[in-house]
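Listed here are the chains, written in short residue letters.
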Amino acid sequence: MNRIFVAMILIAFAVASFRQVQWTLIAQTDEATEALSAAEVARLSASTATEAAGAAVTLAESGDQAAAASSLTEARAAASEARAAAEQAAAISAGESEVIAGATENAAAAAAVAASAVDAAQAALAASDRPSIAASPDGDPSLEGQLAEVTGWMTGQQVSARSAEIAALAVPDLPARSAEPIKSFSDGLFDMAKAAVMSIVLPLIGAMAFFLGLMKVAEEAGLMGVFAKLLRPLMVRLFPDVPPDHPAMSAMILNMAANALGLGNAATPFGIKAMQELDKLNPEKGTATNAMCLFLAINTSSVTLLPTGVIAIRETLNSGDAAGILPTTLMATILSTSAAITAAKIYQRFSPAPSGTVDSDERDEDAGTGYPLWVSMLAIGTLVAMVPVTVVYGSVFGKWIVPLIVSGFIGYGALRGVKVYEAFVAGAREGFDVGIKIVPFLVAILAAVGMLRGSGAIDLFVGAVGEWTMMVGLPAEVLPMALLRPLSGSGAYGVMMATLNDYGPDSFIGYLVSTLQGSTETTFYVLAVYFGAVGIQRTRHAMAAALTADAVGVMAATAACWVYFLANGMTV
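Owing to the predicted nature of the structure, the values given are computational and were not obtained by experimental measurement.

Draft legend 1. Region of the structure containing the overall build of the chain. The number of helices and strands found in the chain is 24 helices and zero strands. By the burial criterion, 47% of the 572 residues in the chain qualify as buried. Of the contacts made within the chain by residues no fewer than 6 positions apart, 82% connect residues no fewer than 24 positions apart. Of the roughly 26,600 Å² of accessible surface on the chain, 63% is carried by carbon and sulfur atoms.

This is the structure:
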């Protein structure tokens, strides 16, 4: 983790420094100054034209045709100046300067606003200047209507509509010079450091305290043992270094179950609890064990049966089938989880594990020897069989998950005679302590991410590889999401929302970013939080295995969306 952290900061600084020099040279050229000046002239002229046109309409409505005509003449002159300034800005060229490009675009937009205002005022003035049509001598009222329809003369109501049209016109403000890269570097650092504490840790403490309190109730009621025994045949084979009846096994199972149901807030406390229990078996404190690395790899790519959060977002954006991403998400996560397990098992051979053993007296008394294999397989099969149900009723079923878990754990604890309130408070206190402990780890990693984003390093990478990813079916528009997802959950969330708004939730790109959000995890965040909770500094192969799973997850999500669209006759 130390090398990754240093590399992220040095790369961000190098890119920001290079772009700052480039920005300074371009921003100080005579061409840039002329373009900005021309854009300012266009904006001011367009503003004058819009105001004069509006005055012309008002005067025309009041019947003062002479004054209206004078205002219209003023509006035409100002519009001509705006057009001339826009042409001047367009004639300036200095390579691919963002400063000049922005100024030219602004000038053209201002000139267009001025022209629209003049056209609307001219039409309104012409309409109000025409006399009303008298009824025909024989009193036929339809004649007037026929003549008005043929000539296109406007009524007073239409003149008012023209007035409203002009009032709605907005003259674009002069765009500021492109932000200095070195300033964006600094802003990104402090913004993300602040967000780490204010937007992530503080809300996380509340969720962590609640769910760790809930987990304490379940633990004392013996419910943890039920889950552990149910999946014990699989977990024993995956984690041979963890005693089958150790509390770490139960915590890992609950973490994986929460991830499978898309309950990120619940999964984090369970995962931290699992890491704390695994650390009790660690003979070399500060160094990750094989079990820790495998657990982290699975956690960043765990099978997702119901991505409830993404489904809710798609519903708010009026998706025709908000739960349509369930099959693509399931397919992507099955492949990425398989890759995570395989990578962790292979990479551990090249990374020496902590030597020695630790005798732990902690046992989960309710774990027993586990259920028969056929019971476990039946339970897993039943869970998989529920997938078609969630495809049809996912939006309804998802709303019941958290309430059912909360009431189920509390109710089960009460039936088993547990002092629910006391147990809950004891667990919640642990959640608060852990939340405070992870602050420095989270600030470090998110500040590095902010520097990368602010320096433009991520944008440069997207521009460089976008053409290549298109060849394998991954649209360039999805690259920011694929890159940010392992780095920043809030950043990826924002990119996903913007992409869904731009391309629609039911487009191929919309399905792909939704699948990525629901089937991949914020890898660096998970590593920082989980390892930080137990003071792990030497992460061994955990990072490599997690990133391998991320890469496979992106490819699997792309393939899953292509298969889904082709199978359903949808346009890619």
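Still more ground to cover, so stick around.
Draft legend 2. Main features of the side chain of S455. Residue position: S455 is located in helix α18 (residues 439–455). On the basis of relative accessibility, which here comes to 0%, the residue S455 falls in the buried class.

Draft legend 3. Molecular detail of the confidence of the model for the chain. Mean pLDDT for the chain: 75, with 75% of residues reaching 70 or above. Within the chain, the lowest mean pLDDT, 45, falls on helix α5 (residues 141–151), and the highest, 91, falls on helix α11 (residues 290–299). Contacts from residues 131–155, a stretch scored under 50 in pLDDT, to residues over four places away or in other chains number 14 contacts.

Draft legend 4. Fine view of the pattern of salt bridges. A complete count under the given rule lists three salt bridges for this structure. Among the ionic pairs, E277 bridges to K280, the shortest N-O distance being 3.4 Å. A salt bridge links D279 to K285; the shortest N-O distance between them is 3.8 Å. By relative accessible area, K285 is classed as exposed at 53%. Taken together, the shared-partner salt bridges in this structure form one network comprising K273, E277 and K280.

Draft legend 5. Expanded view of the environment of V513. When you line up the elements, V513 lands in helix α22 (residues 508–519). Among the residues examined, V513 registers a relative accessible area of 0% and is labelled buried. Taking the C-alpha atoms as reference, V513 lies 10.0 Å from C561; in sequence the two are 48 residues apart. For V513, the residues in contact, after removing those within four places along its chain, are V478, M481, M496, T499 and L500.

Draft legend 6. Highlighting the packing of α11 against helix α13 (residues 326–347). Interhelical geometry of α11 versus α13 gives an angle of 155 degrees and a closest axis separation of 8 Å. By the angle class used here, α11 and α13 are roughly antiparallel. With respect to the hand of their crossing, α11 and α13 are arranged in right-handed fashion. Residue-level contacts link L294, A297 and I298 of α11 to A340, I341, A344 and K345 of α13. Its residues placed into classes, the contact of α11 with α13 shows six nonpolar, no polar and one charged.

Draft legend 7. Structural detail: the packing of aromatic side chains. Taken as a whole and assessed by the stated rule, the structure comprises seven aromatic pairs. Judged by centre distance (5.4 Å) and plane angle (85 degrees), the rings of F508 and F565 are edge-to-face. Taken together, the residues F508 in helix α22 and F565 in helix α24 (residues 542–567) connect sequence positions 57 residues apart. Take F508 and F565: they sit in the same class, and that class is buried.

Rules behind the numbers
Residues numbered from 1 in each chain as written. Predicted model: local features only at pLDDT ≥ 70, side-chain atom pairs only at ≥ 80, totals over all residues. Heavy atoms only, no water. Helix = DSSP H or I, 4+ residues; strand = E, 2+ residues; numbered from the N terminus. Buried < 20%, exposed > 50% of the residue type's maximum accessible area, 1.4 Å probe, protein only. Contact = heavy atoms within 4.5 Å. Areas by Shrake-Rupley, 256 points an atom, 1.4 Å probe, with all protein chains shown as cover. pLDDT = per-residue confidence, 0-100. Salt bridge = Lys/Arg side-chain N within 4 Å of Asp/Glu carboxyl O. Axes fitted to C-alpha atoms, helices over the stretch in contact; angles between N-to-C directions. Parallel < 35°, antiparallel > 145°, perpendicular 65-115°, else oblique. Left-handed = near helix turned anticlockwise from the far one by under 90°. Nonpolar A, V, L, I, M, F, W, Y, C, P; charged D, E, K, R; others polar. Phe/Tyr/Trp six-rings, centres within 6.5 Å; stacked < 30°, edge-to-face > 60°.

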